[in-house]
Amino acid sequence: MATISPYLNPDWPDAVWDVSGAFVNDRELVAFHDFCKLLLGFEPFNIVHGAPLCSWNSGRVLKHLMRDAEEIRAAGLEYEKRNIAMYYTFTNLNLKEEHMKDPLGNAMLVFAGNHNPTKRNAVIMASDALYDHVRREYPKLRTVSSILKITNGGGKGKLDVYKRLADKYDEVMVHPDDVLNYDLLEQIEDKERHILLVNEYCIRHCPLRPYHYSSLSDMALNYFGYDGSDFDKRQNTNGCKDMGTLLTHEKHSVLALTTAEIKRLRDMGFRHFKMQGRGHANGSSILFDLLRLVLRNDGADENAMHAISQRFWESILPHQPA
Amino acid sequence: MSSIIKPITAEQLMFMVDNHLPRTQWTFGGAFRYDASLGVVIENLSRSFPLRKPFSVAGCPACKWSLDWYTERRPMGLSAFSATLEKYAALNVGVMLTFDNPFITDDMLHDTYCSALVSELYRCDRVRKNSVCVANDRLAARMREICPKMMICCHPNRLIAEQNRRTPSLYNKLAEMYTNVCLHPVDATRPAIFTQLEHPEYFSIVVNDPLPRNSALRREHLRLLADIRKDPYNADLCLRRAQMVERDGWHNVDASTLRQKHTCNLTRNETAALHAAGFNHYIVQGNQFRNEMTLLWDIFRCTLDYGPELCNKSALIASSVMAAFGQPKNEMSSGLKGFKFTNYE
């Protein structure tokens, strides 16, 4: 039996972490991975997810996701070197057959097929057209049903929808609110193929979620021309960004999970936990969450992990602009 | 307007700190090194979670009375210094000007630049929260000459440089001489000392000192830093410092230290004991780190409750504040971004 690293969070030492930030925080994700592997003796994660700004990408449609081909390639090669699988967030709801010729999307799929040491590279999708395209042209890549799929397909809370998705896709993202729907979760078979988001910093039962996702998909197809002011206005009054709501509301407090909530999911048999974090224009959020979720936390009379975390930060070298 | 949003008061957020240093005053290090970032953190903490907005920031421009742990910084012009003071004043945050060099010789006591910093600190103190923090008693006396009404605090380096044994009576005596005294980081872990202090409210506690509790090299290290300050181009001194750090294992990551309280980062139990003993001013220091992110992460790690029940909400606060970094600034595009330019003041 493999020894469990003393630095791993003992509440979920066998968690399969699926970490946000591919093609945006690559340098930092690699730094954290290398720090854990070289100095702490374990690999903190073997899956990263993300995509650069392109018409297929949804979920996060932001300026800081713009990348050129060489940057994408360089990142992919670093992940390959470390046996880290890439899950592309090609989650645009609105993709049709005419979008399947996208050169960047296809180039990335070719790359993922050719640089796939773990055989786990995958495409997270919400569009049936893209699903058919990937299955047909890139059969070696795994398929994942996106959060957008379950949300905008009206599948929240519906076991039969999850079953249909699990039959079709290799893995299925669970709706963010369903991570607390224990009755539903108990009934899900093959729990290891279902992915749970554990650090969603929006409100529980957000009424704007489907609109948010559909507007992102619209924006991805028309980045420079899209008018997001209606969404911004609704978000500002919805409570998603209101700290008082997020911290204290009985029904709509923050959806990010407590320790007990994550443990409960793990005890139920779930292992694949997703960590979001590329929505910020800097990599601190994902690194903060990696430190608190992947590594063990100090007990009340301990401080070793505090010191180790400080040493992680001190180990990151200055970033010299090109 | 949505019915989800309900206005709440600071009192309603007290549950977030009830089990972790409630009703305490904080000082964040890094001033005059990381001012842009500190400004963002303070501004956003004021909005998101004002319970942990700091009372003051601590730091000092490079000068004869201060030390640099890593790269020797270039001097800061007085106008830039005043502008920085004003930025913090606009946030209603004080500045603790830290002259942390304990090895001040007579010829250094009347340094013109340093004296001007102090005068300017006092002149710009419109929020009445500024202070100086010194590591040398003669320098403290000099402060009283320059600005008799300025709050004068005692820096931990004064205790690190102390040749005699550190005792409660030494601390109580210092508390009579200074407005506030910062404990030696190791003494904050020793109830035999801190429970004997007559007025805990006159003392400050550094919560995130990363050096080993058993390090015998602190004083020698400060001496080296002081020598480097006097002779910054002496590569031999820098090499000696690097070798000392390595010898003492300051950057080691070692499984055998996992359960030991190896560094002076305070545990939850230790801060609880200090708080129960009446200490209510805490410092997240930044001088000992070479990376800004170490300080920023420590600010959240130390001020927020990351216990199992509140870790998600504390993480939310940290994430929310840090989201402010990297936002578009509406600056003009530049074709020379990749090149280095040197300001001359």
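See the structure shown above.
Sequence order as written defines the numbering, with residues in each chain counted from 1. Numbering of ligands from 1 and lettering of chains from A proceed in the order in which they are written. Two thresholds apply to this predicted model, a pLDDT of at least 70 for residue-level local features and 80 or more for giving and counting side-chain atom pairs, whereas whole-chain, interface and lining totals are computed over all residues. Only heavy atoms go into the side-chain values, all of them from the structure, while hydrogens and water stay out.

Visitor: Explanation requested: the pattern of salt bridges in the structure shown.
Guide: Within this document, salt bridges are pairs made up of a side-chain nitrogen of Lys or Arg and a carboxyl oxygen of Asp or Glu, the two lying within 4 Å of each other. Counted under the stated rule, the structure contains 41 salt bridges over all chains. A salt bridge links A:Arg142 to A:Glu171; its shortest N-O distance comes to 3.7 Å. Residue A:Arg142 is found in strand β5 (residues 142–145), and its partner A:Glu171 is found in strand β6 (residues 171–173); the two are separated by 29 residues along the sequence. Working definition: with a 1.4 Å probe on protein chains only, accessible area under 20% of the residue-type maximum means buried, over 50% means exposed, and in between means partly exposed. Taking the relative accessible area as the measure of exposure, A:Arg142 reaches 25% and is therefore partly exposed. Given a relative accessible area of 1%, A:Glu171 falls into the buried group. A salt bridge links B:Arg166 to B:Asp187, with the shortest nitrogen-to-oxygen separation between them at 2.6 Å. You can see B:Arg166 sitting in the loop between α5 (156–160) and α6 (168–177) and its partner B:Asp187 sitting in the loop between β6 (180–182) and α7 (191–194), a full 21 residues away along the chain. Under the scheme used here, helices are H or I runs from DSSP no shorter than 4 residues and strands are E runs no shorter than 2 residues, and both carry numbers assigned from the N terminus.

Visitor: When you look at the interface of chain A and chain B in this model, what are you seeing that I'm missing?
Guide: Many analyses report the size of an interface as the accessible area lost when the parts associate. Contacts are assigned to residue pairs that have any heavy atoms within 4.5 Å of one another. With 58 residues of chain A in contact, the opposing surface of chain B contributes 63 residues. Accessible-area loss on putting two parts together, using a 1.4 Å probe and summing over both, is the definition of buried area adopted here. With both chains or domains summed, chain A and chain B bury close to 4900 Å², and 59% of this area falls on carbon and sulfur atoms. Counting the surface chain A buries against chain B, the share from its top three residues, A:Leu247, A:Arg311 and A:Glu314, is 16%. Our count for the contact surface shared by chain A and chain B stands at two salt bridges. Residue A:Asp298 pairs with B:Arg301 through a salt bridge whose shortest N-O separation is 3.2 Å. Counting of polar contacts relies on pairs of N or O atoms within 3.5 Å, with two restrictions inside protein: one atom must be capable of donating a hydrogen and the other of accepting it, and residues adjacent in sequence are counted only when both atoms are side-chain atoms. The tally of links between chain A and chain B comes to 21 residue pairs in polar contact (both at pLDDT 80 or more).

Visitor: Would you mind going over the environment of B:Arg74 with me for this structure?
Guide: All names here are of chain B. Note that arginine 74 resides in the loop between β2 (56–59) and α2 (78–90). The exposure class of arginine 74 is partly exposed, given its relative accessible area of 41%. C-alpha of arginine 74 to C-alpha of cysteine 63: the two residues are eleven residues apart in sequence and 8.9 Å apart in space.

Visitor: What am I meant to see in empty space enclosed by the protein here?
Guide: Empty pockets left among the atoms are what a rolling probe the size of a water molecule brings to light. Buried and open spaces are told apart on a 1 Å grid over the protein atoms alone, a cavity being a set of points where a 1.4 Å probe fits but cannot get out and a pocket being an open set with protein on both sides within 12 Å along at least five of seven lines. Residues with an atom within 4 Å of a point are the lining residues. Grid points are joined across faces, edges and corners, and a volume is the space filled by probe spheres set on the points. Summed over all chains, the structure comprises three cavities of 30 Å³ or more. Each pocket or cavity is described by its volume, and for the largest cavity that value is around 460 Å³. Looking at the largest cavity, it is lined by 38 residues, and the ones nearest its centre are B:Thr98, B:Asp100, B:His155, B:Gln285 and B:Asn287. Each residue receives one of three labels: charged for Asp, Glu, Lys and Arg, nonpolar for Ala, Val, Leu, Ile, Met, Phe, Trp, Tyr, Cys and Pro, and polar for the others, Gly being one of them. Residues that form the lining of the largest cavity fall into these classes: 18 nonpolar, 14 polar and six charged. Here the second largest cavity defines a volume of roughly 120 Å³. Surrounding the second largest cavity, A:Ala307, A:Gln310, A:Arg311, A:Glu314, B:Trp69, B:Tyr70, B:Pro210, B:Leu211, B:Trp250, B:His251, B:Gln288 and B:Phe289 form its lining. Taken together, the elements giving at least two residues each to the lining of the second largest cavity come down to α13 (304–315) of chain A together with β8 (208–212) of chain B.

Visitor: Mind showing me how you'd approach the side chain of A:His133 here?
Guide: You can see A:His133 is positioned in helix α4 (residues 128–137). With sequence-adjacent residues up to four places away left out, A:His133 is seen in contact with A:Trp56, A:Met100, A:Asn106 and A:Tyr138.

Visitor: Explanation requested: the layout of surface pockets in the structure shown.
Guide: Computed from the structure, the second largest pocket encloses a volume of approximately 760 Å³. What lines the second largest pocket is a set of 43 residues, among which A:Asn297, A:Asp298, B:Arg301, B:Tyr306 and B:Gly307 lie closest to the centre. Of all elements in the fold, only α11 (259–268), α12 (284–293) and α13 of chain A together with α10 (268–276), α11 (292–303) and α12 (311–322) of chain B reach the threshold of two or more residues within the lining of the second largest pocket. Ranked by residue count, the leading element in the lining of the second largest pocket is α12(A), at six residues. For the lining of the second largest pocket, a count of residues per class yields 21 nonpolar, 13 polar and nine charged.

Visitor: What's the story with the sheet that holds strand β7 (residues 203–206) of chain B in this structure? I'm lost.
Guide: Within a sheet, each strand pairs with its neighbour through backbone hydrogen bonds, oriented either parallel or antiparallel. Residue and element names in this part refer to chain B. When DSSP locates at least two bridges between a pair of strands, those strands are taken to pair. Strand order around the closed barrel formed by eight strands is β1-β2-β3-β4-β5-β6-β7-β10, with parallel pairing between neighbours. Recorded for the sheet is a direction-independent mean angle of 25° between the axes of neighbouring strands. Pairing of β6 with β7, which is carried by two bridges, proceeds in the parallel orientation. Opposite valine 181, over in β7, you have phenylalanine 203 as the bridge partner. Axes here mean lines fitted to C-alpha atoms, for a helix over just the part in contact, with angles spanning 0 to 180 degrees between N-to-C directions. In this fold helix α4 (residues 137–146) packs onto β3 (94–99), β4 (131–134) and β5 (151–154), with an angle of close to 155° to the strand it touches most, β4.

Visitor: Whenever I open this one, the nonpolar core confuses me. Can you help?
Guide: Across soluble globular proteins, nonpolar side chains show a tendency to be buried alongside one another. Here the nonpolar core consists of buried residues drawn from Ala, Val, Leu, Ile, Met, Phe, Trp, Tyr and Cys, with membership extended through side-chain atoms lying within 4.5 Å. In this structure, A:Trp17, A:Phe90, A:Leu290, B:Trp65, B:Phe99 and B:Met143 are the most contacted members of the largest nonpolar core, which totals 172 residues. Contacts of A:Trp17, omitting those with residues within four sequence positions, involve A:Trp12, A:Pro44, A:Phe45, A:Asn46, A:Ile47, A:Val198, A:Phe273, A:Met275, A:Leu293 and A:Val294. With 20 residues, the next largest nonpolar core counts A:Val24, A:Ile47, A:Ala85 and A:Ala126 among its residues.

Visitor: Explanation requested: the sheet that holds strand β4 (residues 122–125) of chain A in the structure shown.
Guide: Residue and element names in this part refer to chain A. Overall, parallel pairing links the eight strands, which are arranged β1-β2-β3-β4-β5-β6-β7-β8 in a closed barrel. For this sheet, the mean inter-axis angle between neighbouring strands, taken without regard to orientation, is 25°. Note that strand β1 (residues 16–20) and strand β2 (residues 47–50) share three bridges and pair parallel. Residue pairing across strands places aspartate 18 opposite isoleucine 47, the latter belonging to β2.

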